[in-house]
Amino acid sequence: MNIYQKFKRFKFTIDKLDFNLIKNCLVKPYIFTNHDDCLGIDLETNKSIQNALYCNFLSIKMQQRFENACCHKSSLIKAFGKSLLKRDDLVILDATSGFGNDSIELAAKAKKVIMLEKSKIVYALLQDGLERLKSALEQELESNEKIIKDTLQVEMLSLNLDFQAYARSSQKDINNIDIIYLDPMYPKDDKKTALNKKYMQYLQDLTFNSAKDSELLDLALSIAKHRIILKRPLHAEILYPKKLCYQVKSKLVRYDVYLPS
Ligand SMILES: C[S@@+](CC[C@H](N)C(=O)[O-])C[C@H]1O[C@@H](n2cnc3c(N)ncnc32)[C@H](O)[C@@H]1O
């Protein structure tokens, strides 16, 4: 059985973006690629398909991350704190979901994960990755229906939406969000970030922060019911030292945890 379904049954609602409307949004030196029905982006100069960037929730690495999160071995999940770790019915907003890697970890402890991504290009890749995960799990569901019928279900809702626009909208979940997770782009000149990683480089080039980190945090503080988890470079300044509740550190990053105002 697939590792995801061993722990949770995923129910997807994927906000559909028409690829025809965005295919001209990508500017040089980047191009869209499509190999094995998998949407990616790459530098137009790259010759090997192995260099393309795409969302792959079916990779062993991603499945391992999900399993670790289910067993509370992930720093992000530890940041929930003891009381929330006992729960697996949380509504979690990943307000800057990017390629959705952290959203998958969050799903380990959630009843619902709402994924917001404002960039159309990044969202197109996210949508493609989620669609492929969805169809892979559906195929397995058919053959394993009896085995997994009692497994907990998690709803995954993905929206091509800015966090501020989401907060202004009358989405039904807005008053029901237990945790907000924020992972905004690190500043370009921050030498301690993982800029050497291809995926961070592409993200830096293709996206931008429309709001300051402090504005996102202020908004999150006014919405979340229990926790706001802000991912920061390990040695970055603390945004609101007086309001900070606790921190969880891993080798490369830090999770600053705030309680709602
Ligand atoms: C560092 S990436 C997130 C990576 C993500 N945590 C992952 O696991 O793949 C930050 C993303 O947040 C998006 N973003 C930045 N500001 C946003 C906002 N106000 N609302 C929604 N998305 C935003 C950017 O477009 C970018 O894709």
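Worth saying up front: this structure is predicted, and the values here are computed from it rather than measured.

1. Considerations on the overall build of the protein
- Looking only at helices and strands, one finds ten helices and ten strands in the protein.
- For the protein, the C-alpha radius of gyration of 18 Å lies close to 18 Å, the compact-globule estimate for 261 residues.
- Evaluated residue by residue, the protein yields a buried proportion of 33% over its 261 residues.
- By sequence separation, contacts in the protein at least 24 residues apart represent 69% of the contacts at least 6 residues apart.

2. What about the environment of Leu 221?
- In this structure, Leu 221 sits in helix 10 (residues 213-223).
- For Leu 221, a count of 16 C-beta atoms within 10 Å translates into the label partly exposed.
- C-alpha separation for the pair Leu 221 and Tyr 258, spaced 37 residues apart in sequence, amounts to 7.7 Å.
- Those residues in contact with Leu 221 that lie beyond four places of it in its chain are Ile 228, Tyr 258, Pro 260 and Ser 261.

3. Some details on the environment of Phe 163
- In this structure, Phe 163 sits in helix 8 (residues 163-168).
- Ignoring anything within four residues of it in the chain, the contact list for Phe 163 reads Ala 95, Thr 96, Leu 116, Leu 216 and Leu 219.

4. A word on helix 3 (residues 60-70)
- Among the residues of helix 3, Met 62, Arg 65, Phe 66, Ala 69 and Cys 70 are the ones counted as buried. End-on view of helix 3: buried residues confined to an arc of 140°, all on one side of the axis. For helix 3, the exposed residues lying more than 90 degrees away from the buried face are Ile 60, Lys 61 and Gln 64.
- Immediately downstream of helix 3, the backbone of His 72 shows phi near 60°, a positive value.

5. A closer look at the site of the ligand
- Taken together, 24 residues lie around the ligand, and Thr 96, Gly 98, Asn 101, Asp 102 and Thr 207 are the ones closest in.
- Those elements giving two or more residues to the shell around the ligand turn out to be helix 6 (101-107) and helix 8.
- Classifying every residue of the shell around the ligand by side-chain character gives nine nonpolar, ten polar and five charged.

6. Concerning the sheet that holds strand 5 (residues 110-116)
- Pairing is mixed across the open sheet formed by eight strands, whose spatial order is 1-6-5-4-7-8-10-9. With partners counted over all chains shown, the strands left at the sheet margins are strand 1 (9-14) and strand 9 (244-249), one partner each. Here the strands of the sheet are splayed against their neighbours by 20° on average, with no regard to which way each runs.
- Contacts between helix 10 and the sheet are confined to strand 7 (179-182), strand 8 (227-233) and strand 10 (253-258), with strand 7 contributing the most and set at about 170° to the helix.

7. So, the nonpolar core
- Of all hydrophobic cores here, the largest spans 56 residues; its most connected members are Ala 95, Val 113, Ile 180, Tyr 181, Leu 182, Ala 220 and Ile 228.
- At nine residues, helix 7 (residues 120-148) tops the list of elements feeding residues into this core.
- In contact with Tyr 181, other than residues within four places in its own chain, are Ile 92, Leu 93, Asp 94, Ala 95, Asp 102, Leu 106 and Ile 229.

8. What to know about the environment of Ser 143
- Along the polypeptide, Ser 143 turns up in helix 7.
- Overall, Ser 143 belongs to the exposed group, with 9 C-beta atoms counted inside 10 Å.
- C-alpha of Ser 143 to C-alpha of Met 1: the two residues are 142 residues apart in sequence and 9.4 Å apart in space.

9. Observations concerning the pairing of strand 7
- Alternating residues of strand 7 divide into Ile 179 and Tyr 181 and Ile 180 and Leu 182, and every residue in both groups is buried.
- In this sheet, strand 8 lies alongside strand 7 in parallel orientation, the contact comprising four bridges. The residue bridging Ile 180 from the neighbouring strand is Ile 228, located in strand 8.

10. Thoughts on unusual backbone geometry
- A cis geometry characterises the amide bond from Lys 28 onward to Pro 29, with omega recorded as 10°.
- Its place among the elements puts Pro 29 in the loop between helix 2 (19-22) and strand 2 (30-35).
- A positive phi is found at Asp 36, a non-glycine position, where the angle reads about 50°.
- Following the sequence through the fold, Asp 36 ends up in the loop between strand 2 and strand 3 (38-43).
- The phi torsion at His 72 lies on the positive side, around 60°, for a residue other than glycine.
- Inspection of the secondary structure assignment puts His 72 in the loop between helix 3 and helix 4 (75-78).
- The exposed category is assigned to His 72, around which 12 C-beta atoms lie within 10 Å.

So, how was this worked out
Residues numbered from 1 in each chain as written. Predicted model: local features only at pLDDT ≥ 70, side-chain atom pairs only at ≥ 80, totals over all residues. Helix = DSSP H or I, 4+ residues; strand = E, 2+ residues; numbered from the N terminus. Rg over C-alpha atoms; globule rule 2.2 N^0.38 Å. Buried ≥ 20, exposed ≤ 12 C-beta atoms within 10 Å, placed from the backbone. Contact = placed C-beta atoms within 7 Å. Arc of directions from axis to C-beta. Near = placed C-beta within 6 Å. Nonpolar A, V, L, I, M, F, W, Y, C, P; charged D, E, K, R; others polar. Pairing = 2+ DSSP bridges. Axes fitted to C-alpha atoms, helices over the stretch in contact; angles between N-to-C directions. Core = buried A, V, L, I, M, F, W, Y, C linked by C-beta atoms within 7 Å.

Read these as spatial facts, not as claims about activity.
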